[in-house]
Amino acid sequence: MTTSITLIRPDDWHLHLRDGAMLQAVAPESARHFSRAIIMPNLVPPVVTGAEATAYRDRIRAALPEGAEFTPLMTLYLTEDTDADDLAAAHRDGIITAVKLYPAGATTNSASGVRDFDKVRPVLERMAEIGCPLCVHGEVTDPEIDIFDREAVFIDRILDPIRRATPGLRVVMEHITTKQGADYAQSGGPDLGATITVQHLMLDRNDMLVGGMRPHYYCLPILKRREHREALRAAATSGNAQIFLGTDSAPHPTHAKESECCSAGCFTAPIAMSCLAEVFEEEGALDKLEGFASRNGPAFYRLPENTGTITLTKGDPITIPAAVTLGEVNVTVFDPGQPLHWSVTA
Ligand code: DOR
Ligand code: ZN
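Small disclaimer: the values here were computed from a predicted structure and weren't measured.

### Quick word on the sheet that holds strand 7 (residues 171-173)
Working step 1: In spatial order, the strands read 2-3-4-5-6-7-8-9; together these eight strands make up an open sheet with parallel pairing. Strands at the two margins of the open sheet, each flanked by one partner only, are strand 2 (12-15) and strand 9 (243-245). Between one strand and the next, the sheet's axes are offset by a mean angle of 30 degrees, whatever the strand orientation.
Working step 2: In the packing of helix 3 (residues 84-92) onto the sheet, contacts are made with strand 4 (71-77) and strand 5 (96-101), and the angle to strand 5 comes to roughly 140 degrees.

Encoded structure:
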């Protein structure tokens, strides 16, 4: 029986760090196990210019513990007014790694997102030219479409047409949650990548809704049926190089989660690697964890692999910390509701 595994130090290819007091509280949690992360730009107001990305990067660096080796990889929030020259300069100067597309209204702080996809066509063409990847929140916002179908419909109505119209555009399907997403991502060729979160590998909608509603499992895209979770687990453990980890760790204050209108997001950063080791072991695929967490992402983003390692050791079930707190900030830590036997020991 395997009781210890050592991996190239992992990266998180989709992370929300927020700003201000929340940033101070959560940044150390990601820096502990991850070397780099793609930082989501959905602040209020969003990060839309190269100058704003530089300033936000500096605030993140300042929030890291002394000696932490963690590189925030910045993104711009695509709007219908995005300036292609500013974007290209930020990419050329290494300030941004990617650009994020939120359909307007799809999720938390997405009001400034894109309504008319034709309006961003010239920017997407420029991104294809300069090799800047587009990270996509893939859900339609059409109120006629059921929330559980929004990802599958997005692929047909928006994503596939965008990719056909913009050859060479490198796209990451962020946090895929369906069999349709997994199938599309695995057949899309080298210019298409996809990230998968911890919670979508561990939970389905029954976990969120049966026997009471669990707000800490509510995220977007919403948890789907069991069969979709199985398809995601198969994709993550397949060894397919286009599929990699993006935790989508999305902290909200505990009071905002446990409220009349619960905010979307699961705060998984502190226990993401323990959760993943459990999943990959259950699937008999511990040998695929390094690819998913540490190798496929850098390969897609054309970055070097990390040089350090982490070691996970199996033992008695770990105690999941209830919350991360700092001053007034209290964020409940994701608890998958099953024992976790792996902990990061080095
Ligand atoms: O659950 C989510 N939370 N999904 C998103 O797309 C956004 C995120 C957030 O920013 O809280
Ligand atoms: Zn996200």
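### Some remarks on the packing of helix 5 (residues 150-165) against helix 6 (residues 179-186)
Working step 1: Where helix 5 contacts helix 6, the two axes come as close as 9 Å, and the packing angle between them is 25 degrees. Classed by the angle they form, the pair helix 5 and helix 6 counts as roughly parallel. Considering how the two elements wind past one another, helix 5 and helix 6 form a crossing that is right-handed. In contact with E151, A152, I155, L159, D160 and R163 of helix 5, helix 6 contributes Q180, G181 and Y184.
Working step 2: When grouped by side-chain class, the residues that make up the contact of helix 5 with helix 6 number four nonpolar, two polar and three charged.

### With respect to the packing of aromatic side chains
Working step 1: The tally for this structure, following the rule as stated, stands at eight aromatic pairs.
Working step 2: Seen from their ring centres, W13 and Y301 are 4.8 Å apart, and the 10 degrees between their planes marks the pair as stacked. Remark: Y301 occurs in helix 12 (residues 289-301) and W13 occurs in strand 2; sequence separation between them is 288 residues. Neither W13 nor Y301 differs from the other in exposure class; each is buried.
Working step 3: Relative to Y102, the ring of Y77 has its centre 5.3 Å away and its plane inclined at 35 degrees; by these criteria the two rings are tilted. A residue pair is termed long-range when its members are at least 10 positions apart, and Y77 in strand 4 and Y102 in the loop between strand 5 and helix 4 (121-130) qualify at 25 residues.
Working step 4: Judged by relative accessible area, Y102 falls into the buried class, the value being 1%.
Working step 5: One aromatic cluster is present, built from ring pairs that chain together W13, F244, F300 and Y301.
Working step 6: Taking the ring centre of F148 as reference, the NZ or CZ of R205 above it sits at 4.6 Å.

### Quick word on the site of ligand 1
Working step 1: In the vicinity of ligand 1 there are 13 residues, among which R18, N42, L220, H252 and A264 approach most closely.
Working step 2: Side-chain polar atom of H16 to an oxygen atom of ligand 1: 3.3 Å apart, as the coordinates give it.
Working step 3: Expressed as a share of its isolated accessible area of 290 Å², the protein-covered part of ligand 1 is 99%.
Working step 4: Split by residue class, the shell around ligand 1 holds four nonpolar, seven polar and two charged.

### Describing the pattern of salt bridges
Working step 1: Under the criterion given, the structure shown has 21 salt bridges.
Working step 2: K119 serves as the salt-bridge partner of E80, at 3.7 Å between the closest nitrogen and oxygen. Note that E80 is positioned in the loop between strand 4 and helix 3 and K119 in the loop between strand 5 and helix 4, a separation of 39 residues in sequence.
Working step 3: On the basis of relative accessible area, E80 is assigned to the partly exposed category, the value being 25%.
Working step 4: Since its relative accessible area comes to 48%, K119 is described here as partly exposed.
Working step 5: Between R226 and D204 there is a salt bridge, with the nearest N and O atoms lying 2.6 Å from each other.

### Things to note about helix 9 (residues 226-236)
Working step 1: Listed as buried for helix 9 are H228, R229, A231, L232, R233, A235 and A236.
Working step 2: In this fold, the buried residues of helix 9 make contact with helix 6, strand 8 (192-196), helix 7 (198-202), strand 9, helix 11 (272-282) and helix 12.

### Some thoughts on the sheet that holds strand 10 (residues 309-314)
Working step 1: The three strands are arranged 1-10-13 in an open sheet whose pairing can be described as antiparallel. Every interior strand has two partners, whereas the edge strands, strand 1 (4-8) and strand 13 (342-344), have only one. Each strand axis lies, on average, 25 degrees off the axis of its neighbour in the sheet, ignoring direction.
Working step 2: The pairing of strand 10 with strand 13 spans three bridges and is antiparallel. Among the inter-strand pairings, L312 is bridged to a residue of strand 13, identified as V344.
Working step 3: Strands in contact with helix 11 are strand 1, strand 10 and strand 13; relative to strand 13, the strand with the most contacts, it is inclined by about 140 degrees.

Quick notes on the rules
- Residues numbered from 1 in each chain as written.
- Chains lettered and ligands numbered in written order.
- Predicted model: local features only at pLDDT ≥ 70, side-chain atom pairs only at ≥ 80, totals over all residues.
- Heavy atoms only, no water.
- Pairing = 2+ DSSP bridges.
- Helix = DSSP H or I, 4+ residues; strand = E, 2+ residues; numbered from the N terminus.
- Axes fitted to C-alpha atoms, helices over the stretch in contact; angles between N-to-C directions.
- Contact = heavy atoms within 4.5 Å.
- Parallel < 35°, antiparallel > 145°, perpendicular 65-115°, else oblique.
- Left-handed = near helix turned anticlockwise from the far one by under 90°.
- Nonpolar A, V, L, I, M, F, W, Y, C, P; charged D, E, K, R; others polar.
- Phe/Tyr/Trp six-rings, centres within 6.5 Å; stacked < 30°, edge-to-face > 60°.
- Buried < 20%, exposed > 50% of the residue type's maximum accessible area, 1.4 Å probe, protein only.
- Lys NZ or Arg CZ within 6 Å of the ring centre and 35° of its normal.
- Near = heavy atom within 4 Å.
- Polar contact = N/O pair within 3.5 Å; in protein donor to acceptor, adjacent residues only side chain to side chain.
- Areas by Shrake-Rupley, 256 points an atom, 1.4 Å probe, with all protein chains shown as cover.
- Salt bridge = Lys/Arg side-chain N within 4 Å of Asp/Glu carboxyl O.

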